[in-house]
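Read off the chains here:
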Number of protein chains: 2
Amino acid sequence: MNEGDFKKPDWQPESGGKEFAARIVKGESQAKAQKYSSSENSSENSNFSPEKIVEGVQNGNRALLARAITLVESNSLKHRAIAKQILNKLLPYSGNSLRIGITGMPGAGKSTLIETLGLSLIKQGHKVAVLAVDPSSKISGGSILGDKTRMEKLSGEENCFVRPSPTGGTLGGVARKTRESITVLEAAGYDTILIETVGVGQSETEVRSMVDFFLLVLIPGAGDELQGIKKGIMELTDCILINKAEGENLQAAELSKKEYESAVHYLRPYTKGWTPKVITTSALTGKGIDQLWKIIKEFETVTKSSGVFYENRKLQALAWTKKIIEDGLLEIFYKDPHIREKYDILREKILSGKILPTSAAEELLELFLSKRK
Amino acid sequence: MNEGDFKKPDWQPESGGKEFAARIVKGESQAKAQKYSSSENSSENSNFSPEKIVEGVQNGNRALLARAITLVESNSLKHRAIAKQILNKLLPYSGNSLRIGITGMPGAGKSTLIETLGLSLIKQGHKVAVLAVDPSSKISGGSILGDKTRMEKLSGEENCFVRPSPTGGTLGGVARKTRESITVLEAAGYDTILIETVGVGQSETEVRSMVDFFLLVLIPGAGDELQGIKKGIMELTDCILINKAEGENLQAAELSKKEYESAVHYLRPYTKGWTPKVITTSALTGKGIDQLWKIIKEFETVTKSSGVFYENRKLQALAWTKKIIEDGLLEIFYKDPHIREKYDILREKILSGKILPTSAAEELLELFLSKRK
């Protein structure tokens, strides 16, 4: 496959270079793709040599890093097979980053915050990657990080890698791609990974289960705003940040802070041994950004010394495994034509109160089991 | 099986009659139990004739009602088979009750509340059943409704049926038994079913998914108490009740009410179109009990006219079916000796970062699929 087989997604600025590390790859029919075995490595694929990409990723070659992530994000079976080889080779070098999830309503100023925080971290010598999980994003636009005017300074930095949300597919698919991108980026030496999410569907829960620290970005306002934010998100946070605490918002921000501090007490802390902090910032002026980083580092120190940090990572890895197994099993089950036929009949019977759910489920499971060796 | 094969559980009062509708049934070896097919109906089992029990349940025969529930709660495969026949026959006559879940810490006064509410409802002509879901309960004692001194008046009433929590087994098993008992009780004409739960594990979530209306019982006190209640429960409630609003507690109760009313605003309402209400009551003096019932009836009117009531019931039935299927599939998967062997190896590799969760899960699913026809 040649460079010419790639197309720029249309949300990229005309002048955009490698910092917009996404390309549109032509799809392939499943039949054709299945011809490729995971070990195949013909000369036709020399551009994709896993060894070359792995080496490039570890040596800081941005183009090859971008290519590795493109492969991880690809829906082509051929690319998936190559991505798997790359991931397995990079896995031993991954894990050494702080993974930070950032959520909040559109307009809360997440991008400005990420840009301000990211630039400050790069100045301190960090390598920062920015990913996004937005199951609603489409190549044709609407991707939260596809906005042409956003994160301009940050994406121009040598030590920063900005990647829009992988597009298409289910939330589970998007989450899988993001998790695997984290592995690649960590192996490439990125020590701080910021993962942005929008309040769509279950994307926050997905992101929460792949990060160490989870930040909720809000804007100041009276009590009514509280109801504007998606209920349930607060229970996932390690820190609530009232952004836009500037100018005439200042007083409202302090008031909001007090309200959220009180609200936090009603919630069960997500991270063992850590009470969520509430702070005010102004991403625009930079006020409070240092404090945010101090809190994140304090979180890291506290949870690493208690072991909760490592415990959470292990639990996340096992929970993820179990999740993929569960999803896979359910897919196998509900895609089985015999099951589908019977399920449709039983579903109607359940809804009209003609059969007990217990009995219906037992019948279906028996049918499923009868198909096993 | 003769009446002599039954034993009274030791938490029953010596003088306890049929109102404590539980008996200890001798266990049976699986091998022996499997001899019984679900259609078998030998003379040995004449006491258990499903037809006789179904007839008795519908005619208000308390002894046969108790027997039906004993069969539903039994872990014996023989009893399960008979219970299934009974349930399928009763199913068309079930569904016509208000199912009310009641949760709260021990000491909040749930029993007194249930007794006061139950007696008042019976006076108004209702038939009231009281069930419990307490996965920690044991025949040997500790069952929340096994307490000899509790609900004495209520359990003596003709139009009331009090049943302690089914014992033993997993929470899932206890929940299954309770759901099936609801079917039996509804077919027996009980129009109000109160289901008590204690704040243990996930029992509230289980109860929430089988009731129409969910009530959280709290006691008055300063803000600190808020942290004493299990976080997350508030999100499940349709009504928060501050009990023991009497004597010197009165002022504290009103204060608590205000606090919870404010707290409710931070939460996503569980039932569509219904904002959780907060009230103060004194189960001891009866104050507020009428108001509670008014709220429950208002809830019924609002949700029935919007259709949310029926929609929830349907969703509950389908969700329950899917839950049993999911649990069943996972059980089939993780009990498979080939899977177990491989899982143990892969688990260690995941925890030591030697394999990606995606790859491990895929390997296991492939192994599972290879065993299918």
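See above for the structure.
Remember, it's a predicted structure, so these values are computed and weren't measured experimentally.

Engineer: Tell me about the overall build of chain A, and name the residues and values.
Structural biologist: Across its full length, chain A holds 14 helices and nine strands. Of all intrachain contacts in chain A linking residues separated by at least 6 positions in sequence, the fraction that spans at least 24 positions is 74%. Accessible surface for chain A amounts to roughly 16300 Å². Of this, 52% is attributable to carbon and sulfur atoms.

Engineer: Talk me through the relation of the copies chain B and chain A; I want residue IDs and the actual numbers.
Structural biologist: Two chain copies, one operation linking them: a rotation about an axis together with a shift along it. Superposing chain B onto chain A takes a rotation of 180° plus a shift of 0.0 Å along the axis, which leaves an RMSD of 0.1 Å. Taken together, the rotation and translation describe the operation of a two-fold axis. Among all residues of chain B, the minimum C-alpha distance to the rotation axis is found for B:Arg372, at 2.1 Å. Counting the interface residues of chain B, we find that 100% of their copies in chain A are interface residues as well, pointing to one common contact surface.

Engineer: I'd like a rundown of the pairing of strand S6 (residues 192–197) of chain B, residues and numbers included.
Structural biologist: All names here are of chain B. Counted residue by residue, S6 has six buried out of six residues, so it is predominantly covered. Note: strand S3 (residues 98–103) against S6, five bridges, orientation parallel. Bridged to Ile-100 within S6 is Leu-194. In the sheet, strand S4 (residues 128–133) pairs with S6 via six bridges, with the strands oriented parallel. Looking across to S6, one finds that Val-130 is bridged to Leu-194.

Engineer: How would you explain the sheet that holds strand S6 (residues 192–197) of chain A if you had to name every residue and give the values?
Structural biologist: Residue and element names in this part refer to chain A. Read from one edge of the open sheet, seven strands run S5-S4-S6-S3-S7-S8-S9, paired in parallel fashion. Taken across any chain shown, the strands that pair with only one partner, and hence form the sheet edges, are strand S5 (160–162) and strand S9 (277–280). Averaged over all pairs of adjacent strands, the angle between strand axes in this sheet comes to 20°, irrespective of strand direction. The pairing of strand S4 (residues 128–133) with S5 spans three bridges and is parallel. Residue pairing in the sheet places Val-128 in a bridge with Cys-160 of S5. Its contacts with the sheet place helix H7 (residues 171–187) against strand S3 (98–103), S4, S5 and S6, and it is angled at close to 170° to S4.

Engineer: Lay out the interface of chain B and chain A in plain terms, naming residues and giving numbers.
Structural biologist: Each partner contributes to the interface: chain B provides 58 residues, whereas chain A provides 58 residues. Contact between chain B and chain A buries roughly 5600 Å² in total, counting both sides, with carbon and sulfur atoms accounting for 66%. Inspection of the region where chain B meets chain A yields four salt bridges. At the junction of chain B with chain A, the criterion picks out four residue pairs in polar contact (both at pLDDT 80 or more). Listed by contribution, the elements that provide at least two residues to the side of chain B that touches chain A are helix H4 (77–90), helix H7 (171–187), helix H9 (224–228), helix H10 (250–264), helix H12 (308–335), helix H13 (337–351) and helix H14 (357–370) of chain B.

Engineer: A description of the packing of aromatic side chains should follow, citing residues and the corresponding values.
Structural biologist: Residue and element names in this part refer to chain A. Here the structure, examined in full by the defined rule, presents 15 aromatic pairs over all chains. Aromatic side chains Phe-309 and Tyr-310 sit 5.4 Å apart centroid to centroid with 75° between the ring planes, which places their arrangement in the edge-to-face category. Taking 5.0 Å as the distance between ring centres and 85° as the angle between the ring planes, the aromatic pair formed by Phe-333 and Tyr-334 counts as edge-to-face. The exposure class assigned to Phe-333 is buried, which follows from its relative accessible area of 0%. Directly above the ring of Tyr-190 sits Lys-127, whose terminal nitrogen or CZ lies 4.5 Å from the centroid.

Criteria and cut-off values
- Residues numbered from 1 in each chain as written.
- Chains lettered and ligands numbered in written order.
- Predicted model: local features only at pLDDT ≥ 70, side-chain atom pairs only at ≥ 80, totals over all residues.
- Heavy atoms only, no water.
- Helix = DSSP H or I, 4+ residues; strand = E, 2+ residues; numbered from the N terminus.
- Contact = heavy atoms within 4.5 Å.
- Areas by Shrake-Rupley, 256 points an atom, 1.4 Å probe, with all protein chains shown as cover.
- Least-squares fit on C-alpha atoms with pLDDT ≥ 70 in both.
- Buried < 20%, exposed > 50% of the residue type's maximum accessible area, 1.4 Å probe, protein only.
- Pairing = 2+ DSSP bridges.
- Axes fitted to C-alpha atoms, helices over the stretch in contact; angles between N-to-C directions.
- Buried area = accessible area lost by both parts, 1.4 Å probe.
- Salt bridge = Lys/Arg side-chain N within 4 Å of Asp/Glu carboxyl O.
- Polar contact = N/O pair within 3.5 Å; in protein donor to acceptor, adjacent residues only side chain to side chain.
- Phe/Tyr/Trp six-rings, centres within 6.5 Å; stacked < 30°, edge-to-face > 60°.
- Lys NZ or Arg CZ within 6 Å of the ring centre and 35° of its normal.

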